[in-house]
Each structure stands twice: as structure tokens, then as C-alpha cells.
Amino acid sequence: GQSLEQPSEVTAVEGAIVQINCTYQTSGFYGLSWYQQHDGGAPTFLSYNGLDGLEETGRFSSFLSRSDSYGYLLLQELQMKDSASYFCAVRGDPGGYQKVTFGTGTKLQVIP
Amino acid sequence: EAGVVQSPRYKIIEKKQPVAFWCNPISGHNTLYWYRQNLGQGPELLIRYENEEAVDDSQLPKDRFSAERLKGVDSTLKIQPAELGDSAVYLCASSQQVNEQFFGPGTRLTVL
């Protein structure tokens with residue numbers, strides 16, 4: 001099967017940098033995605049890593065190490081609107097077909 | 001471009017009653033997903049369609065849940081009969097690439 005681990009909650013100060021870690025287990029790994037979800041809202045796609053290294057999109061960056069089955073999401077210059085839940089999602093091939101499984105989410109609270 | 005449309009947004013029913021959710025994906029997206037999200041958890045895949053074919057329904061409780069995707073476009077998810085534990089947000093998503101899914105606003109189901 002597939003499984004992921006990420007911290008349940010993180011608190012950070014406005015203007016600072018925060019890193020949200022994700023470790024995963026799957027067979028036939030394809031890639032790791034990140035989604036943001038505000039309370040009461042729908043998940044929205046942030047980034048995808050299929051290869052090792054850093055992907056940057058504005059204030060958000062995502063990193064992947066396939067050898068460590070590990071990735072992280074880096075949020076810079078934190079703003080109050082970044083307060084939300086962040087999910088990593090692993091794409092793999094555990095049963096002979098591609099499957100995406102979401103983690104349980106990290107609730108980020110940005111404080112003034 | 002219109003996003004994923006879901007209806008109803010909210011539904012309150014008594015246990016043992018039937019309920020149905022409807023989803024219209026983004027035009028041109030061949031892949032459609034139904035997820036269930038419990039409070040404080042990540043989305044859990046119920047079923048994934050490629051066009052009209054259900055390619056992953058391993059997590060769908062088939063004794064009470066059913067789904068269909070008409071002509072490879074709209075989809076309906078049904079629960080009959082509903083149980084108290086079915087209270088959750090039911091999310092529909094669509095994609096052209098499995099790496100990036102676009103989610104609808106969801107249907108919040110309360111079973112009394």
C-alpha cells in the first residue's frame with residue numbers, strides 16, 4: 001500500500017520561513033505533490049516533484065529526495081493568508097496501477 | 001474556464017436514507033475522482049474514473065456506495081442507506097495529468 005507521515009501542526013511568525021516535512025512509503029514511486037486547503041475550502045494544487053531536487057514557484061518551494069523517501073514544502077515570507085492545511089500526496093504503483101494517496105495534513109498557523 | 005462543479009453544497013439526512021452527489025468536471029478532463037474527507041484528515045480516494053471506466057474503486061464500500069460516470073463527463077455518487085459514520089465532506093476532482101488534480105468545493109454531508 002501507500003502511506004505518508006507529516007506533522008499535524010506547525011506555527012510560524014508572519015514574514016518568517018517554515019518547512020513542512022513529509023515522508024512516504026509506496027512501491028513504484030512516480031512523484032510527490034503538495035496541496036493547500038483553507039478551512040471550508042477545496043484543496044488546491046501547489047507543486048509536484050518527480051525528480052530529486054528543488055522546485056520553486058514564487059514564495060513556495062518543494063524538495064524531493066527519492067533515496068530518503070522524503071520531501072518538504074518550504075514557504076517563505078509567510079503571510080497571514082498562508083494559514084491553512086497543507087497535504088503531501090504520493091503517486092505510486094502499488095497494485096499494478098497508478099494511485100495517489102494523500103497524507104493527513106499539516107495545519108499551519110501564521111501568527112503576527 | 002469553469003472549475004469543477006458539485007451539488008448540493010450541503011446535505012442533511014437521517015440515517016438509513018439515501019443520498020446522491022453530483023459532479024461536473026472541468027471540460028476536457030478525462031480523469032475524475034471522488035474523495036471523502038473527514039474533519040482533520042486528508043482526502044481519501046473512493047473511486048477514480050478514466051473516461052467512463054472505473055479504474056480504482058478498491059476503497060469504495062460497495063455494500064452501500066455506488067457511482068457512475070455518464071458518457072465520460074458528469075458523475076454521480078450515491079449512498080444507500082446512509083450511516084452516521086458517513087458524515088464527511090465528499091470531494092470531486094478532475095485532472096488531465098495525474099500530478100495535478102482540480103477539486104470542486106465539496107458536499108458537506110451530515111447524517112443524523
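(A) Just the sheet that holds strand E7 (residues 60–65) of chain A, in detail. Residues and elements named next belong to chain A. Spatially, E1-E3-E8-E7-E6 is the arrangement adopted by the five strands of the open sheet, whose pairing is antiparallel. Two strands in the sheet have a free side with no partner beyond their single neighbour: strand E1 (3–5) and strand E6 (53–57). In this sheet, adjacent strand axes meet at a mean angle of 20° when their direction is disregarded. Of the strand pairs in this sheet, strand E3 (residues 18–25) and strand E8 (residues 70–75) are connected by six bridges, and their pairing is antiparallel. The partner of Cys 22 across the bridge, within E8, is Gly 71.

(B) Structural view of the state of the cysteines. Going through the model one piece at a time under the given rule, you end up with two disulfides over all chains. Across the disulfide, Cys 22 of chain A is cross-linked to Cys 88 of chain A (sulfur-sulfur distance 2.1 Å). On the sign convention where negative is left-handed, the bridge of Cys 22 of chain A and Cys 88 of chain A, at about 80° about the S-S bond, is right-handed. Of the two residues, Cys 22 of chain A sits in strand E3 while Cys 88 of chain A sits in strand E9 (residues 84–92), which places them 66 residues apart along the sequence. Judged by relative accessible area, Cys 88 of chain A falls into the buried class, the value being 0%. The side chain of Cys 23 of chain B participates in a disulfide bridge whose partner is Cys 92 of chain B; the two sulfur atoms lie 1.9 Å from each other. Sign of the S-S torsion, about -70° for the bond between Cys 23 of chain B and Cys 92 of chain B, identifies this disulfide as left-handed. Of this pair, Cys 23 of chain B sits in strand E3 (residues 19–24) while Cys 92 of chain B sits in strand E9 (residues 88–95); the two residues are 69 residues apart in sequence, bridging distant segments of the chain. A relative accessible area of 0% means that Cys 92 of chain B is categorised as buried.

(C) Looking closely at the interface of chain B and chain A. With 20 residues of chain B in contact, the opposing surface of chain A contributes 16 residues. Surface buried jointly by chain B and chain A totals about 1,500 Å² across both partners, of which 52% is contributed by carbon and sulfur atoms. Per-residue buried area on chain B facing chain A is highest for Val 98, Asn 99 and Phe 103 of chain B; these three make up 32% of the total on that side. Our count for the contact surface shared by chain B and chain A stands at one salt bridge. The salt bridge involving Asp 56 of chain B is made with Lys 99 of chain A; its shortest N-O contact spans 2.9 Å. Counting every contact that joins chain B to chain A gives seven residue pairs in polar contact (both at pLDDT 80 or more).

The rules behind these values
Residues numbered from 1 in each chain as written. Chains lettered and ligands numbered in written order. Predicted model: local features only at pLDDT ≥ 70, side-chain atom pairs only at ≥ 80, totals over all residues. Heavy atoms only, no water. Pairing = 2+ DSSP bridges. Helix = DSSP H or I, 4+ residues; strand = E, 2+ residues; numbered from the N terminus. Axes fitted to C-alpha atoms, helices over the stretch in contact; angles between N-to-C directions. Disulfide = S-S within 2.5 Å. Buried < 20%, exposed > 50% of the residue type's maximum accessible area, 1.4 Å probe, protein only. Contact = heavy atoms within 4.5 Å. Buried area = accessible area lost by both parts, 1.4 Å probe. Salt bridge = Lys/Arg side-chain N within 4 Å of Asp/Glu carboxyl O. Polar contact = N/O pair within 3.5 Å; in protein donor to acceptor, adjacent residues only side chain to side chain.

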